[in-house]
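One letter stands for each residue in the lines below.
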Amino acid sequence: MTGDVPAPSAADRPDGVAGVAGPSLDPGQSGTGDMDAASFRRHGHAVVDWIADYLEGVGDLPVLARVAPDEVRHALPATPPAGPEPFAATLEDLDRVLLPGITHWNHPAFHAYFAITGSGPGILAEAVSAALNVNGMLWRTSPAATELEELTVDWLRQLLGLADGWRGVLTDTASVSTLLALAAARERAELDVRQRGLAGRPDIPPLRVYTSADAHSSVEKAAITLGLGRDGVRLVPVDDQRRMDVDALREAMAEDIRLGSRPIAIVATVGTTSTTSIDPVAAIADVRDEVSGDLGWSIWLHVDGAYGGTAAICEELRFVLDGVDRADSLVTNPHKWLFTPIDCSALFVRDVATLTRAFSLVPEYLTTDDEGVTDYMDWGVQLGRRFRALKLWAVIRYFGHEGLAARIRHHVAQAQQVVAWVEAHPHLELAAPAPLSTVCFRSVVPGEDESAATDRNRSWLAAINATGEAYLSHTVLDDRYVLRLATGNLRTTDDRLETTLGVLDRELSALLP
Ligand SMILES: *Cc1c(COP(=O)(O)O)cnc(C)c1O
């Protein structure tokens, strides 16, 4: 798939290695400069051809990588080359060594975790971003990067139907977005943690963050990082639809306050990772208001919509963000369900001043006289920032609001196709409601005990994934092992999905008594 490789010519080699056949070096490669323009054009065309061929044929590759641990590493030289190598040699190793070690997230039968797509416009814009090589730490270090980020996140705000008054920033991942939101929550508590830290402070009670038992592990990781510890996170039980139990939340907060702890934040999830259940954000906001009113300080409400939040782009799915306009922050990941190549997460906040108060620290060499501008370095941990907005902007422009909505709607319809298949199947049962694009199900045999069911479902998943024809993942719900199938890839046609369900059926038949 490397396209045109230049003719091998040992005579071209400036390192004087005679008799070694292989592609030639570029004219500019031996001096002290960069790749020359003509060579860049030639290799660039080869790379674009490689990508186009890859995306066209990815559905024929085994979706889950089949390499053994260390196989990739050992297939490559352990030491770096002393002299220059032809660029084509890198592309050859990409095909020969790396591709077999790739699990193909852009594959039409990738249904594990959350199915995602790095789309064409996003891929091309990502290349341009590398060419510009912008570091958008300050407005002046590339005004266009900062202003396009402000504009693009505001476009995303409008696509999601959020009210005016939200501002946003792009980070690498939802985990980091949630970390920043909880740092802002801690800052709002006015404990002067920024200056004095948390250790050795008898004046500070235990700080508490509330989230559901089905919330993403990134909430606890943020608590670990921010010095609250895992004990600082109360995992509130879920109801029979796997949504945060609001009465249990109220009780947990009341109990903690009685025992002298201080609630600083609640994290609601819209689209949990296991089942895409949707916490009742408005009812949670009511509890937040009630408790905040009693205590006399404002508890931060963060909403994790890393995957599910994007569904709000469709008018009829806007309910996923019901109540979110009462929250303080929201994260949603364009790299999950908005066809933007990894990495791209959007953090929306209302109270930007509290977020920047948590993080702004400007050494002399970064001070400027620019007035009325956004310096995104003040919004988080990192100083240097890449030009992420470009790919998201390109994706939104290329598909348009209607095109994005049509694609998300299609993925939800495909999930319903899977639900219908499960419901019609004599040996399967649905394991949770499937409001969005992810379906949890398992095989059942009447009269068997739970461990036999777990063993068979485990074996079924392993058998499916070993075929290379599909890749699914699993979760455990109320001690029951279940398979998860997520749709969300633009290359998954309805026919391909039918074929994949046929693979699942075939592999299950082999395991049934
Ligand atoms: C995927 C996911 C995350 C983590 O996303 P990263 O961008 O990989 O950090 C957080 N929350 C939810 C609900 C998710 O589904």
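Residues numbered from 1 in each chain as written. Predicted model: local features only at pLDDT ≥ 70, side-chain atom pairs only at ≥ 80, totals over all residues. Heavy atoms only, no water.

**Observations regarding the overall build of the protein**
A tally of regular secondary structure across the protein gives 15 helices and 11 strands. Structurally, the protein occupies a C-alpha span of about 80 × 75 × 45 Å along its principal axes. Among the 513 residues that make up the protein, the fraction classed as buried is 50%. In the protein, the share of contacts with a sequence separation of at least 24, taken over all contacts with a separation of at least 6, comes to 71%. Of the side chains in the protein, 44 bear a positive and 71 a negative charge, and the two mean positions are spaced by 3 Å. (Helix = DSSP H or I, 4+ residues; strand = E, 2+ residues; numbered from the N terminus. Buried < 20%, exposed > 50% of the residue type's maximum accessible area, 1.4 Å probe, protein only. Contact = heavy atoms within 4.5 Å. Lys, Arg positive; Asp, Glu negative; His and termini not counted. Charge placed at Lys NZ, Arg CZ, Asp CG, Glu CD.)

**A look at the nonpolar core**
Leu249, Ile266, Leu321, Phe348 and Leu404 are the most contacted members of the largest nonpolar core, which has 94 residues in total. Discounting chain neighbours no more than four positions away, the residues touching Ile266 are Tyr210, Met244, Leu249, Met253, Ile284, Arg288, Ile299, Trp300, Leu301 and His302. One finds Ala109, Leu428, Val439 and Leu508 within the second-largest nonpolar core, a separate group that totals 23 residues. (Core = buried A, V, L, I, M, F, W, Y, C linked by side-chain atoms within 4.5 Å.)

**Focus: the sheet that holds strand E8 (residues 428-430)**
Within the open sheet, the four strands sit side by side as E8-E9-E11-E10. Their pairing is antiparallel. Edge positions in the sheet fall to E8 and strand E10 (473-477), since each has one partner strand and no second. The mean angle between the axes of side-by-side strands here comes to 40°, regardless of whether they run parallel or antiparallel. Summarising the sheet, E10 and strand E11 (residues 480-486) pair through five bridges and their orientation is antiparallel. Residue pairing across strands places His474 opposite Leu483, the latter belonging to E11. (Pairing = 2+ DSSP bridges. Axes fitted to C-alpha atoms, helices over the stretch in contact; angles between N-to-C directions.)

**Notes on the sheet that holds strand E2 (residues 207-212)**
With respect to topology, seven strands assemble into an open sheet ordered E1-E7-E6-E5-E4-E2-E3, the strand pairing being mixed. What marks the edges here is a single partner per strand, and that holds for strand E1 (167-171) and strand E3 (233-236). Recorded for the sheet is a direction-independent mean angle of 20° between the axes of neighbouring strands. Sheet topology note: the E2/strand E4 (residues 262-269) ladder contains five bridges and is parallel. Note on E4: the bridge partner recorded for Val209 is Ala265.

**Some points on the packing of helix H6 (residues 174-188) against helix H8 (residues 217-225)**
For the pair H6 and H8, the least separation of the axes is 9 Å and the interaxial angle reads 50°. With respect to their mutual orientation, H6 and H8 come out oblique. For the element pair H6 and H8, the recorded crossing hand is right-handed. Seen from H6, the contacting residues are Ser175, Thr178, Leu179 and Leu182; seen from H8, they are Ser218, Val219, Ala222 and Thr225. (Parallel < 35°, antiparallel > 145°, perpendicular 65-115°, else oblique. Left-handed = near helix turned anticlockwise from the far one by under 90°.)

**Some words on the site of the ligand**
What surrounds the ligand is a group of 14 residues, the closest being Ala174, Ser175, Asp304, Asn333 and Lys336. Between the ligand and Ala174, the relevant distance is 2.7 Å, taken from an oxygen atom to a main-chain nitrogen or oxygen of the residue. Here Lys336 contributes a side-chain N or O atom positioned 2.8 Å from an oxygen atom of the ligand. Computed on the free molecule, the ligand has an accessible area of 390 Å², of which 87% lies beneath the protein chains in the complex. Put simply, the parts of the chain that give the shell around the ligand at least two residues each are H6 and helix H11 (334-337). (Near = heavy atom within 4 Å. Polar contact = N/O pair within 3.5 Å; in protein donor to acceptor, adjacent residues only side chain to side chain. Areas by Shrake-Rupley, 256 points an atom, 1.4 Å probe, with all protein chains shown as cover.)

**Structural notes on the environment of Arg167**
One can find Arg167 in strand E1. With a relative accessible area of 37%, Arg167 lands in the partly exposed category. Remark: the alpha-carbon pair of Arg167 and Pro202, spanning 35 residues in sequence, is separated by 36 Å. Residues contacting Arg167, with those up to four places away along its chain left out, are Glu150, Leu347, Phe348, Val349, Val352, Thr374 and Trp379.

**Notes on the pattern of salt bridges**
Applying the stated criterion across every chain, the model contains 38 salt bridges. Taking the shortest distance from any N to any O, the salt bridge between Arg288 and Asp289 comes out at 2.8 Å. The residue Arg386 makes a salt bridge to Asp343 at a minimum N-O spacing of 3.4 Å. Here the residue Arg386 occupies a position in the loop between helix H12 (352-359) and helix H13 (389-424), and Asp343 occupies one in the loop between H11 and strand E7 (345-349), the gap between them amounting to 43 residues. You can call Asp343 buried: its relative accessible area is 18%. Because the salt bridges share partners, they merge into one network encompassing Arg188, Asp286, Arg288, Asp289, Arg326, Asp328 and Asp351. (Salt bridge = Lys/Arg side-chain N within 4 Å of Asp/Glu carboxyl O.)

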